[in-house]
Amino acid sequence: MIVTRFAPSPTGFLHIGNLRTALHNWMFARKHGGRFLLRIDDTDAARSEERFVEAIRGDLAWLGLVPDGEERQSARFDRYEAVFADMVANGRIYPAYETPEELDLRRKILAGRGLPPVYDRAALKLTDEDRAGLEGEGRRPHWRFHLDHIPIVWDDMVRGPQKFDGALLSDPVVRRADGSWLYLLPSVIDDADMGVTHVVRGEDHVSNTATQMQMFQAMGAAPPAFAHEALLVGNEGKLSKRLGSLGVAHFREQGIEPEAVVALLARLGTSDPVEAMVDPAPLIAAFDFGRFGRAPARFDEAELAQVNARIVHQLPFERVADVLPAGMDAAAWDAVRGNLERVSDAGDWWRVVTGLVETLPVAEEDRAFLARAAEVAGDLPWADPWAELTGALKAETGRKGKALFLPLRRALTGMDHGPDMAALLPLIGRTRAIERLTA
């Protein structure tokens, strides 16, 4: 069974890039009848906050991404300690005592010589006496994973064949001197224990994957498949700080529906057209990492707004009933939704139906026409009032087209455009219609 996971750190709110990663993990699992797991990566106790955990859950729920299970790294420290001790005993993890300043100086020296800034493994040359002396001075070691200097290869589901030379990579630090964990090793332990089969994440993790491949092997676990997606860029075509601030709260404030976010992010990064689908099932069925390119995926809020409008036009009354103005029923929603960009815009049209409308200037040649329309409206059966009204006036006055319809629309709604009057006029009602035609 395919198992994917979304593993955010609860040190802040999710942004659009995180949401895209979560969505693609969920879609891939759903397409293959697998499981989608949420893992809260809260090893950083100083920065992790419970309010962010709740926000992450709420954001996923808003998008309709319901996890099949949840894990928290803070509950798994005993497991990390056990694997850590085993790897230390086997020589795959070793202590290093350099200070950040010493490491920075070494990197600058290597850069000055035109060499890659690869850690020189000086810590492996230390004797027991050397280590005891350093610890006697008050130094506490950080811990590095010992990479085998062999080729590291995998076939990425987005990027294709990947190859790294272990000799050109620094042994990664997996644990700090204060005992806290860095991302790399706990993530591998969790993925192995949770049975994760596919890791979907941003291309900024590619070098992490190269080192984690050997960590899986050191645990005796088969590495999962990997899909490293191109990062999102702003409409200006480059990484933007603004993207880091665009999350669910922002979209909700802007009146964006979750179905619009799903529809756009499902295809963003492919050459496939974005389709405004209320039901994600067709999007899931067509989802394929082979369709995603390596070029940065451009996120455009204007495009999202356009998709949102097309989504709103399809939403059934039951989906929006609890946010519509009091008294607005299914007939009214069906009448106006095709003219909305956001669900909240329905309130403007409901005021057109039930409230006072702006009195627009009336051309002299239209005054008698509108007065006659008021008289005709009073005598109609009011079964299909717009067809009845315009049919009677056309037969009586000879008017047709714009000359017939526009003066009536302007008088009845105070607008030059809007929803189909055949649907709107029954909502306005005979009494209000006559009042407006005679105003």
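Above: the structure in question.
We now turn to the structure provided with this report. (Residues numbered from 1 in each chain as written. Predicted model: local features only at pLDDT ≥ 70, side-chain atom pairs only at ≥ 80, totals over all residues. Heavy atoms only, no water.)

### Section: the side chain of His 198
- As for its position among the elements, His 198 is in strand S9 (residues 198-202).
- Only 2.7 Å separates the side chain of His 198 from the side chain of Thr 197, close enough to count as a polar contact. (Helix = DSSP H or I, 4+ residues; strand = E, 2+ residues; numbered from the N terminus. Polar contact = N/O pair within 3.5 Å; in protein donor to acceptor, adjacent residues only side chain to side chain.)

### Some points on the packing of helix H15 (residues 364-379) against helix H17 (residues 402-413)
- Contact geometry of H15 with H17 gives a least axis separation of 11 Å together with a crossing angle of 70 degrees. It follows that H15 is roughly perpendicular to H17 by the angle criterion. Residues Asp 366, Phe 369, Leu 370 and Ala 373 of H15 lie in contact with H17, whose contacting residues are Ala 403, Leu 404, Pro 407, Leu 408 and Ala 411.
- In terms of residue class, the contact of H15 with H17 is built from 8 nonpolar, no polar and 1 charged. (Axes fitted to C-alpha atoms, helices over the stretch in contact; angles between N-to-C directions. Parallel < 35°, antiparallel > 145°, perpendicular 65-115°, else oblique. Contact = heavy atoms within 4.5 Å. Nonpolar A, V, L, I, M, F, W, Y, C, P; charged D, E, K, R; others polar.)

### Concerning the nonpolar core
- Grouped together as the largest cluster of nonpolar side chains are 87 residues, with contacts concentrated most on Phe 251, Phe 299, Trp 333, Leu 408, Leu 412 and Leu 437.
- Per element, the largest residue contribution to this core is 8 residues, and it comes from helix H1 (residues 16-31).
- Beyond its immediate sequence surroundings of up to four residues, Phe 299 is in contact with Ile 16, Leu 232, Val 233, Gly 234, Asn 235, Leu 243, Leu 246, Phe 251, Leu 264, Leu 265, Leu 268 and Leu 304.
- Residues Phe 84, Ile 93, Phe 145 and Ile 152 belong to the second largest nonpolar core, which totals 28 residues. (Core = buried A, V, L, I, M, F, W, Y, C linked by side-chain atoms within 4.5 Å. Buried < 20%, exposed > 50% of the residue type's maximum accessible area, 1.4 Å probe, protein only.)

### Topic: the sheet that holds strand S2 (residues 35-40)
- The strand order S1-S2-S3 describes an open sheet built from 3 strands, whose pairing is parallel. The open sheet has two edge strands, strand S1 (3-6) and strand S3 (69-72), and neither has a second partner. Pairs of neighbouring strands in the sheet enclose a mean axial angle of 30 degrees, with direction left out of account.
- Pairing between S1 and S2: 4 bridges, direction parallel. Counted as the bridge partner of Arg 5 is Leu 37 from S2.
- On top of the sheet, helix H2 (residues 50-63) reaches S1, S2 and S3; it is set at about 160 degrees to S2, its chief contact. (Pairing = 2+ DSSP bridges.)

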